[in-house]
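One letter stands for each residue in the lines below.
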Amino acid sequence: MSSSSSGDARPDLQDLEAGTSKDNDDRNTNLDPDVDADLSDPFDIDHTKNAPPQALKRWRQASLVLNASRRFRYTLDLRKQEEKEKRKRMIRAHAQVIRAALLFKLAGEKQIVSGTPVAPPDSTGHYAIGLEQLASMTRDHKLSALEQYGGVKGLSDMLRTNLETGTKGDDIDLSNRKNAFGSNTYPQKKGRSFWRFLWEAWQDLTLIILIVAAAVSLVLGIKTEGLEEGWYDGGSIFLAVFLVIVVTATSDYRQSLQFQNLNEEKRNIQLEVMRGGRTVKISIYDVVVGDVVPLKIGDQVPADGVLISGHSLAVDESSMTGESKIVQKDKNEPFLMSGCKVADGVGTMLVTGVGINTEWGLLMASISEDTGEETPLQVRLNGVATFIGIVGLSVAVAVLLVLLIRYFTGHTEDPDGTKQFIKGNTKFDEAFNDVVKIFTIAVTIVVVAVPEGLPLAVTLTLAYSMRKMMADKALVRRLSACETMGSATTICSDKTGTLTLNEMTVVEAVIGKKKANPPDDSSQLPGSVVSLLSEGVAQNSTGNVFVPKDGSNIEISGSPTEKAILSWAVKLGMKFDTARSESKILHVFPFNSEKKRGGVALQRADSEVHIHWKGAAEIVLASCSGYIDSNGCLQSINDDKEFFKVAIDEMAANSLRCVALAYRVCEKEKVPTDEEGFNRWILPEDNLVLLAIVGIKDPCRPGVKDAVKICMDAGVKVRMVTGDNIQTARAIALECGILSSAEDATGPTIIEGRVFRDLSDKEREQVATKITVMGRSSPSDKLLLVQALRKGGDVVAVTGDGTNDAPALHEADIGLSMGIQGTEVAKESSDIIILDDNFSSVVKVVRWGRSVYANIQKFIQFQLTVNVAALVINVVAAISSGDVPLNSVQLLWVNLIMDTLGALALATEPPTDNLMHRSPVGRREPLITNIMWRNLLIQASYQVTVLLVLNFEGMTILHLKDDPDSTHAYKVKNTLIFNAFVMCQLFNEFNARKPEEINCFKGVTKNYLFMGIIGFTLILQIIIIEFLGKFTSTVRLDWQLWLVSIGIGIISWPLAVVGKLIPVPKTPVASYFTKPFRRYTSSRNA
C-alpha cells in the first residue's frame, strides 16, 4: 500500500493555465454555514480550472493508492508538465536568439543586404526555389534573402503563386507542392499500446502480493498434494488475477483511444485560404507552401510565412518565444511564425514553410499531448476512496490477526471437525501453506475494500460523455467542464449565431430620408449614393465576392454580417473587383468590438481621399453631420437626426440588426506620407456623411425557445449579452422566451453595457443577479458581469466567439466558444467548443454535465453496497468461526463485477429528461446523499442478514447436515452464499440505475451496454459455478439452489421499491458527522 504521486511540482511553477484562482463560493448548497470548506482538507478542491500546483500535489500525497500509475494516469502529471516546459524553453531558445540577432542588425539592414551574399535559389522541380532556402530564410528571419529574391512578389513568382488569387488549388498543383515542400503535418508520438496498459494494470500493490502468495501456494500445493491436485489453489488465484488485469487494461485502453480521437479533433483547425481566386475553407493539415492565407484578429498563424499586406497587424508570439510580447508586422518585420496568434489587425500571408520545417512543427513533434487534468469530482472521489480504503485496510488487518490467532490456538477446524493446527503435530509446510491462505484472504479483502475504481469511474463516464457530446455538437477541451456544467446556475449567452441562425439578409434600408422598398432596388437611389456605397462596401470589408467565369452563381464569403451587406450591394449593382481596383487602400481601422465600428481610408483615381465607416447605427449616426438626400444633394443632419433615430428604433423593435454606412472626404494635408505616419494615424471619425442605414434580419433558431424553457425549468437562468442595439436585444429576448413579457423589459432587467460599467463593484454585484438582457455590451462588460455573478455565488457558463471574449471565457466557470464563428484565441480560452454555434447544444451540454454527476452517484451507491456487504460478511464469519465464506478467487471476481464492469454499466448511462427537472447540483453538496444512504443501507443490511443466516444456519436450512460427505455439504453452503451474493449485486445494479425513481427498469432495454454487461456477468457466473469449481473452490448447484440464489437476489427489487417510499431528512447525514470535526479544526487553526 502506498500513498503516491505521479508527479512533483516546484513551488515556483507557473499556473497550469494563465489567470488568477477563482472564488469557490457556491450558493447552491444545502449545508449550513458551519460546514464551510476546511482549508486543511486536501480533497477540498471544488474548482480545478486554475488550482495552484501545490493544492494538486497535496491531494495526491494524501490519497491511499494501490496502483499510482493507473490511479493518476488521467490526472495532470506535474513532473512531466515541468519537463515539457523545459523542452519548450529549449526549442524556444532558438527563436529567442534569432529575435535578438534580428533586433541588433535591423539598423544596418541596408549594409547587410548589399554586403551579405545569399545562396542562389535552388530549383525544386516545378519551383525556382528550394526547400532549404525557404526554411533558412524563414527560420533565421533573413530579410536580406527575401529582398534578394525580389521581395514577396518575387518569392510568389518563384513559388508559382498569384498574390491576388492564390494557388491554382487543383489536385496536381497541391500534390506537386506537398512533394516539393512537405505537408503541414508533424510526426506525433504514438499513444500507449495495449501492452503498456497491461503492464500498468498489474502494478497494483495488492495484485503483486496476491501473485507472490499464489506462487508460494502453488509450490507448497504441488509439494504436499502432487502436481495433479496441488496446483489448483495457487493456479486459481493466478487465473483470477490475470482476468482482473486483462479486463482492467482493456477498459483503460478503450478510454485512451477515445481521448486520442478527441485530441485529434481539437488540433484539426479549419481556416480560409485563397485558391483559384475564391476563398475556400480547409483543414490546417491541408495548407501547402505557396498558399495565400487571409489573417484576422483571433486567428492562429497556420504555417510559417511572410506578410503580403497588412493593416495594424500585430501578432502574439509568446507561444514560440516564451515572451508575452505583441509584435507589429510590416515590411520591416514580415516573417510570421506558425502557432502564433493574431492579436490585432488584418492581413494576408504567403506560406513558406509547413509541418516539420517550422519551429512549431518541431515543438509539437517533440512533446506529447498531455490529456491529464484534475476534475473536482475526481479529487473528491479520491478522498472518498482514501477514507473507505483506510477502513478496509483496518478491517483486513483485524481479520488477519483474528484468523492467525484462531489458527495457532487450535480454534480453526475443517468441515469434518478436525483441527487445522495442532502444536507439535502439524508439519511446517502445511502450517505455512495455511498461513499463506489466511494472508491471501486478508489481502483480497483489501482489494475489495479499497475502491480503486471509484476515481477512475469519473474518467470512464467523462470519456463516454465526451464521445457522445461530439455527436451533440460539443467538443470538450477541458474534462472538468463536463461535470461543472451540471452545477451551472446561469448561462450568459451571445445573441448572434447562438440564439439566432446567423443567416443574415438586409430586409430594410433607409437612404436619405426615404425607406427603399425593396431595399436592393437601385433605381430608387441617386447614382452618387450607389457609387459611394459600392466603394465603401467593397473596400471596408474583410469579405470577398467571387464571380465564376462560367456564369454560375456569385460566391460571397466573410462573416454573416459582411456577407449580408456585400450581397445587398451586389444587388444594388456593385462590381466588387472593379470597385476595389478603382481605389487604393491607405489605412484600415479593423472593426472593434469596443467602438462597434470599423473604417478604411482609400485614395481614389482622382487622388481624392475618402474615409468610409461602417458600424452600429446609433454610434455612427452620432458622428454624422450630414446625409445625402434622394436627389443626391448633401443636407445637414441636425434637423433630421430624430428621424433617423426613430428609423433605427423601429428596425430594432422588429428584431433587426441596424448597421450604418457613412463616409467623409479627408484633406490631403492630413494624410500621412510614410509608413510610420500611417501606423500612428487615427482615422477621422467626425463630420461624417450618412449614406445608408440597413436593417439586417437574423431569425431566431428553431427550437431555441424550447431550449430556453428547459433551462429555466432546470433552475438555470439564461441571460443574453449582446453588442447589438438594446431594442434589438429586447425584441430577440422576447422572441426567444428569455424575457417572458414586455412588462419585464425594464431596468435593471434590461440594461446597457455602459450603464453597468459605470456602477461601483458593490452595485454591480447587486444589479448582476437581476440582469436578463445586456445590450450594447463590450467584451469587458461581459467580463465584469461574469465576475459580479461569480462573486454572488453563481456557477457561470458564458458563450463567446471573439478574441476579446477570451478573458470572460477564461474567468467563467465554464467557457463555451463557438465552433463556426469563434476565433482560435476564443477557442483556446474556452472549456467546450459548441461546434454548431447553437444554443440548443449548450442545453445538451448542461444535460450531459448533470448526467456525469448522476452516473457517478449511481456507481458510488452500487460499489459501497458491495463493499459494506462483503466486508461485514467476511469479518463476522472470520471472528465467529475462523473461516470466511467468500475466498480469494471469489472476492476477486466480485471486485471485477464491482469495479470495472460495474463502472462500465452504470457510468455510461445516457442522460434522461428527469435530470432537467431538478435544481443544479451545488459544488459543496455531499457526494453521498441521504437518498443514497437510505438505498445503500437497506440493500447492504438485507444482503448481510440473508448471507450470514445462510453461513451459520445454512447446513440446517438446506438439510445438508444429513449429507455423509460433510466437506461437500460445506462447499454447497459456501457456493450458495457466493452465488446468492453475486445475484444480489446483479439485481441491485438495476436498482442503482434509478436511485430516486420507483421504476428502475425505465429505458433499460435501450442501454445495450448495460444489458450486455449484465448478460456477460451472468453467463460467466454460470460457467464459474458449473465448470470452474476446482479453481473457485465451489461445487455445482442443482436447479433448486439456483432458484434460491436468484430468489435471494430478486427480493432486492421489491425491497428497493419499499425503501424508496421511506422519507429522508433534508439536512445531509454527513453534516452531523463532519460538523464537530470542522469546528475542532477551525478552532485549532484559529
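Every chain is numbered on its own, with residues counted from 1 as its sequence reads. Totals for whole chains, interfaces and linings use every residue, but because this is a predicted model, local features are given only for residues with pLDDT of at least 70 and side-chain atom pairs only at 80 or more, for both listing and counting. Here the side-chain values reflect all heavy atoms present in the structure, with hydrogen atoms and water set aside.

**Overview of the overall build of the protein chain**
Here's step 1: From N to C terminus, the protein chain includes 40 helices and 26 strands.
Here's step 2: Within the span of the protein chain, comprising 1086 residues, buried residues form 57% of the whole.
Here's step 3: Any two residues whose heavy atoms approach within 4.5 Å at even a single point are treated as in contact. Once local pairs closer than 6 in sequence are excluded, the contacts in the protein chain between residues at least 24 apart make up 74%.
Here's step 4: What sets the accessible areas is the Shrake-Rupley method with a 1.4 Å probe; for residues, cover comes only from the shown protein chains. Of the accessible surface of the protein chain, which amounts to about 45200 Å², a share of 56% is contributed by carbon and sulfur atoms. The secondary structure listing takes helices from DSSP runs of H or I that are at least 4 residues long and strands from runs of E that are at least 2 residues long, numbered from the N terminus. For the exposure calls, accessible area comes from a 1.4 Å probe over protein chains only, and a residue counts as buried if that area is under 20% of its type's maximum, exposed if over 50%, partly exposed in between.

**Side note on the confidence of the model for the protein chain**
Here's step 1: For the protein chain, the average pLDDT comes to 81, and 84% of its residues sit at 70 or higher.
Here's step 2: A low-confidence stretch, residues 1-39 (pLDDT under 50), is modelled with 115 contacts involving residues beyond four sequence positions or located in other chains.
Here's step 3: Known as pLDDT, the predictor's per-residue confidence is scaled from 0 to 100. Segment residues 105-123 is flagged for pLDDT under 50; beyond a separation of four residues in sequence, or across chains, it makes 27 contacts in the model.

**Considerations on the packing of aromatic side chains**
Here's step 1: Only the six-membered ring of Trp is used, alongside the rings of Phe and Tyr, when aromatic pairs are assigned; centres must lie within 6.5 Å, and planes under 30 degrees apart are stacked while those over 60 apart are edge-to-face, with the rest tilted. In the structure shown here, the tally under the stated rule is 15 aromatic pairs.
Here's step 2: Taken together, a centroid distance of 5.1 Å and an interplanar angle of 85 degrees make the contact between Tyr407 and Phe408 edge-to-face.
Here's step 3: Classification of Phe408 by relative accessible area gives partly exposed; the value is 42%.
Here's step 4: Taking the centre distance of 4.9 Å and the plane angle of 80 degrees together, the rings of Phe987 and Trp1053 count as edge-to-face. Pair noted here: Phe987 is in helix H35 (residues 966-993) and Trp1053 is in helix H39 (residues 1052-1060), with a separation of 66 residues, a long-range link.
Here's step 5: A connected cluster of aromatic rings, assembled from ring pairs, spans Phe987, Phe990, Phe1001, Phe1010 and Trp1053.
Here's step 6: Placement of a charge over a ring requires the Lys NZ or Arg CZ to be within 6 Å of the ring centre, with the centre-to-atom vector within 35 degrees of the ring normal. Here the basic side chain of Lys513 rests over the ring of Phe643, its NZ or CZ set 5.5 Å away from the ring centre.
Here's step 7: Taking NZ or CZ as reference, Arg993 lies 5.6 Å from the ring centre of Phe1010, over its face.

**A closer look at the packing of helix H32 (residues 839-881) against H35**
Here's step 1: Look at H32 against H35: their axes get within 9 Å of each other, and the N-to-C directions meet at 155 degrees. When the axes of H32 and H35 are compared, the pair comes out roughly antiparallel. The handedness of the crossing between H32 and H35 is right-handed. Counting all contacts with H32, which are made through Lys858, Gln861, Phe862, Thr865, Val866, Ala869, Ala870 and Ile873, the residues of H35 involved are Phe981, Gln985, Asn988, Glu989, Asn991, Ala992 and Arg993.
Here's step 2: Classifying every residue of the contact of H32 with H35 gives seven nonpolar, five polar and three charged. A fitted line through C-alpha atoms serves as each axis, taken over the contacting stretch for helices, and the angle formed by two N-to-C directions is quoted from 0 to 180°. An angle counts as roughly parallel when it lies under 35 degrees, as roughly antiparallel when it exceeds 145, as roughly perpendicular when it falls between 65 and 115, and as oblique in every other case. By definition, any crossing whose near helix is turned counterclockwise from its far helix by less than a right angle is left-handed, and any crossing with a clockwise turn is right-handed. Residues are grouped as follows: nonpolar covers Ala, Val, Leu, Ile, Met, Phe, Trp, Tyr, Cys and Pro; charged covers Asp, Glu, Lys and Arg; every other residue, Gly included, is treated as polar.

**Description of the environment of Ser251**
Here's step 1: For Ser251, the location among the structural elements is in helix H12 (residues 232-267).
Here's step 2: Taking the C-alpha atoms as reference points, Ser251 and Leu460, 209 residues apart in sequence, are found 8.6 Å from one another.
Here's step 3: Among residues more than four places away in sequence, those in contact with Ser251 are Leu460 and Thr900.

**Overview of the packing of helix H19 (residues 527-539) against helix H20 (residues 560-572)**
Here's step 1: One can describe the packing of H19 onto H20 by two numbers: an axis separation of 10 Å at closest approach and a directional angle of 145 degrees. Classified by chirality, the crossing of H20 by H19 is left-handed. Residues Val530, Leu533 and Val537 of H19 form the contact with H20, whose participating residues are Ile565, Leu566, Trp568, Ala569 and Leu572.
Here's step 2: Residue classes in the contact of H19 with H20 are distributed as eight nonpolar, no polar and no charged.

**Things to note about the pairing of strand S20 (residues 688-697)**
Here's step 1: Counting buried positions along S20 gives nine out of 10 residues, so the element sits mostly inside the fold.
Here's step 2: Here five bridges tie strand S10 (residues 505-511) to S20, and the two strands are oriented antiparallel to one another. Each bridged residue has a counterpart across the sheet, and for Val510 the counterpart in S20 is Ile693.
Here's step 3: A pair of strands counts as paired when DSSP detects no fewer than two bridges linking them. Here strand S17 (residues 624-628) runs beside S20; their pairing, made up of three bridges, is parallel.

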